[in-house]
Amino acid sequence: MTSLSPALKQATPVVVDRALGSWIYGTDGRDYLDFTTGIGVTSTGHCHPKVVAAAREQVGKIIHAQYTTVMHKPLLELTEKLGEVLPTGLDSVFYATSGSEAVEAAIRLARMATGRPNIVVFQGGFHGRTVAAASMTTAGTRFSAGFAPLMAGVHMSAFPYAYRYGWDEDVAVAFALQELDYLLQTRTAPNDTAAFLIEPALGDGGYLPTPPAFMEGLRERADTHGIQLIFDEVQAGVGRTGRFWGHQYSAATPDILVTAKGIASGFPISAIAASTETMSKAWPGSQGGTYGGNAVSAAAGVATLEVVKEEGLVENSRLRGEQLQVGLKEIQDRCPAIGDVRGRGLMQGIEFSREDGTPDGVMAAAVQQATVDQGLLTLTCGPAGNVIRLIPALVVTPEEISTGLERFEAAVAAVVGAVTATSGG
Ligand SMILES: Cc1ncc(COP(=O)(O)O)c(C=O)c1O
């Protein structure tokens, strides 16, 4: 019998029958509150009626209007809609299908625009699984081990992970900027450096908001040296953090912005945005792809951006995120195994630590599995799998957040109780 590859690891045993809003209904007859949103993708919730209607209508018109052959209306409309939310000056957009592809398109563009080879990434960053994207991913060796050689020209600098170092944020930022300056002096000269690539909040690397002062320090150095600043908003964008873009907690703006995931509520589409001047430096014909900017995905993207605006979902993300974080911090007060609770909007991380402060991936994994038993879907992240990440849909209600908190605490209690009972015995 043919089966799925054993290398495809699944975080839960759930087989989905159908889903709506914040809920997934399993073939096991159980209802699950989904705080994973397909890794931050189903921004407007599962099967939002407006997104479903837009996709259905488009399927009846044309499905694959290949964009290097013909142009189609949904992509033109999506570009116009994106223009309403993109940072000033980023007035040119290229579309691809996945986040990894868009990250690679951004890197190609930065290299072509500067004529320089090297890329600086920051420790803990996740930028995708295709080989070049994996070469720039330092969220865990599991993403790059075993298939070297990786892409050359990638250099890693420190990320201001204050909790890990046991410092306050200002000290961590000063340290990380100092390390970056050191890297530019010792390893990749500014004239050889095409881009800094950073997430406004680390995703797979541990759900860590990037401190505004760090983003601003990168902007300053990018301006000084003519380096392209690329913000990977694949996970943090489209309202996820309580602002439309995750970088909007800082005064820094990108030269190139990468978006995907939440932009079309589950339909595969990704994009990069830059100024027309920068985009014009790419060789004509260097951007393309068979499936890029798919018509059904683009129609779903237009509907998604409309729903996000009409239903005030960025504000809902901020408010529900605050509610979630307050509740999680109360649980932390009752549970010493939780070392840190952090995040912005509906991108919240719970880091598990042992008594000596070292990361506790075993505990996080056990709690994540226990949440499934409680009817709550969650994911882990972080270098040791030591962080549970909560990524509810942007349409999540106050009642659903309360239910999620109750189920999360029940899962923690079940695991901590078991651990205590085991060590007591
Ligand atoms: C910040 C970030 N960049 C890039 C990617 C890669 O996107 P994809 O999995 O669609 O290739 C991800 C995926 O999780 C991501 O979180």
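What this report covers is the structure whose coordinates are included nearby. (Residues numbered from 1 in each chain as written. Predicted model: local features only at pLDDT ≥ 70, side-chain atom pairs only at ≥ 80, totals over all residues. Heavy atoms only, no water.)

1. Let's talk about the nonpolar core
No. 1: By size, the foremost hydrophobic cluster in this structure holds 80 residues, and its most contacted members are I230, I272, I350, F352, V367 and F408.
No. 2: For this core, the two domains that each supply at least three residues are domain 1 (50-310) and domain 2 (319-424).
No. 3: Excluding residues within four positions of it along the chain, F352 makes contact with A337, I338, G339, T358, P359, D360, M363, A364, V367, N386, I388 and F408.
No. 4: By size, the runner-up hydrophobic cluster in this structure holds 23 residues, among which are F159, L183, L184 and L208. (Core = buried A, V, L, I, M, F, W, Y, C linked by side-chain atoms within 4.5 Å. Buried < 20%, exposed > 50% of the residue type's maximum accessible area, 1.4 Å probe, protein only. Domains from an automatic or database assignment. Contact = heavy atoms within 4.5 Å.)

2. Examining empty space enclosed by the protein
One way to see where empty space is left: roll a probe the size of a water molecule over the atoms.
No. 1: Counted under the stated rule, the structure contains two cavities of 30 Å³ or more.
No. 2: Of the pockets and cavities examined, the largest cavity occupies roughly 50 Å³.
No. 3: A201, Y207, L208, P209, T241, G343, R344 and M347 together form the lining of the largest cavity.
No. 4: For the lining of the largest cavity, the secondary-structure elements that each account for two or more residues are β9 (208-209) and β13 (338-344).
No. 5: Structurally, the lining of the largest cavity is a two-domain feature, drawing no fewer than three residues from each of domain 1 (50-310) and domain 2 (319-424).
No. 6: The computed volume of the second largest cavity comes to approximately 30 Å³.
No. 7: Here the residues of the lining of the second largest cavity sort into three nonpolar, five polar and one charged. (1 Å grid on protein atoms, 1.4 Å probe; cavity = no way out; pocket = protein on both sides within 12 Å on 5 of 7 lines; lining within 4 Å. Points joined across faces, edges and corners; volume = space filled by probe spheres on them. Helix = DSSP H or I, 4+ residues; strand = E, 2+ residues; numbered from the N terminus. Nonpolar A, V, L, I, M, F, W, Y, C, P; charged D, E, K, R; others polar.)

3. Thoughts on the sheet that holds strand β6 (residues 154-157)
No. 1: Ordered in space as β4-β12-β11-β10-β7-β5-β6, the seven strands form an open sheet in which the pairing is mixed. The outermost strands of the open sheet, each flanked by one partner alone, are β4 (92-96) and β6. Within this sheet the neighbouring strands show an average axis-to-axis angle of 20°, counted without direction.
No. 2: Along the sheet, helix α7 (residues 169-186) makes contact with β5 (118-122), β6 and β7 (193-198), crossing β6 at roughly 150°.
No. 3: Each of β5, β7 and β10 (228-232) is contacted by helix α8 (residues 212-225), which is oriented at about 170° to β7, the strand it contacts most. (Pairing = 2+ DSSP bridges. Axes fitted to C-alpha atoms, helices over the stretch in contact; angles between N-to-C directions.)

4. As for the site of the ligand
No. 1: Taken together, the residues surrounding the ligand are S98, G99, S100, F126, H127, G128, E199, D232, V234, Q235 and K261.
No. 2: In the model, an oxygen atom of the ligand is placed 2.5 Å from a nitrogen or oxygen of the S100 side chain.
No. 3: Contact distances for the ligand include 2.9 Å between an oxygen atom and a side-chain N or O atom of K261.
No. 4: Relative to its unbound accessible area of 390 Å², the ligand is 82% covered by the protein chains.
No. 5: When the residues that make up the shell around the ligand are grouped by side-chain class, the tally is two nonpolar, six polar and three charged. (Near = heavy atom within 4 Å. Polar contact = N/O pair within 3.5 Å; in protein donor to acceptor, adjacent residues only side chain to side chain. Areas by Shrake-Rupley, 256 points an atom, 1.4 Å probe, with all protein chains shown as cover.)

5. Remarks on the pattern of salt bridges
No. 1: Counted under the stated rule, the structure contains 16 salt bridges.
No. 2: K81 is the salt-bridge partner of E306, the closest N and O atoms lying 3.8 Å from each other. Pair noted here: E306 is in helix α10 (residues 295-310) and K81 is in helix α3 (residues 73-85), with a separation of 225 residues, a long-range link.
No. 3: Overall, the relative accessible area of 25% leaves E306 in the partly exposed class.
No. 4: Ionic pairing is found between D340 and R342, a salt bridge with its closest N-O pair at 2.9 Å. The residues D340 and R342 share a single accessibility class, namely buried.
No. 5: Via salt bridges that share partners, K50, K81, E306 and E310 belong to a single interconnected network. (Salt bridge = Lys/Arg side-chain N within 4 Å of Asp/Glu carboxyl O.)

6. So, the sheet that holds β13
No. 1: If you walk across this open sheet you meet the four strands as β13-β14-β17-β16, and the pairing is antiparallel. Looking along the sheet, the strands with just one partner apiece sit at the ends: β13 and β16 (379-381). Strand after strand, the sheet turns through a mean of 30° between neighbouring axes, direction not considered.
No. 2: In this structure, strand β14 (residues 347-352) lies alongside strand β17 (residues 387-390), joined through four bridges in antiparallel fashion.

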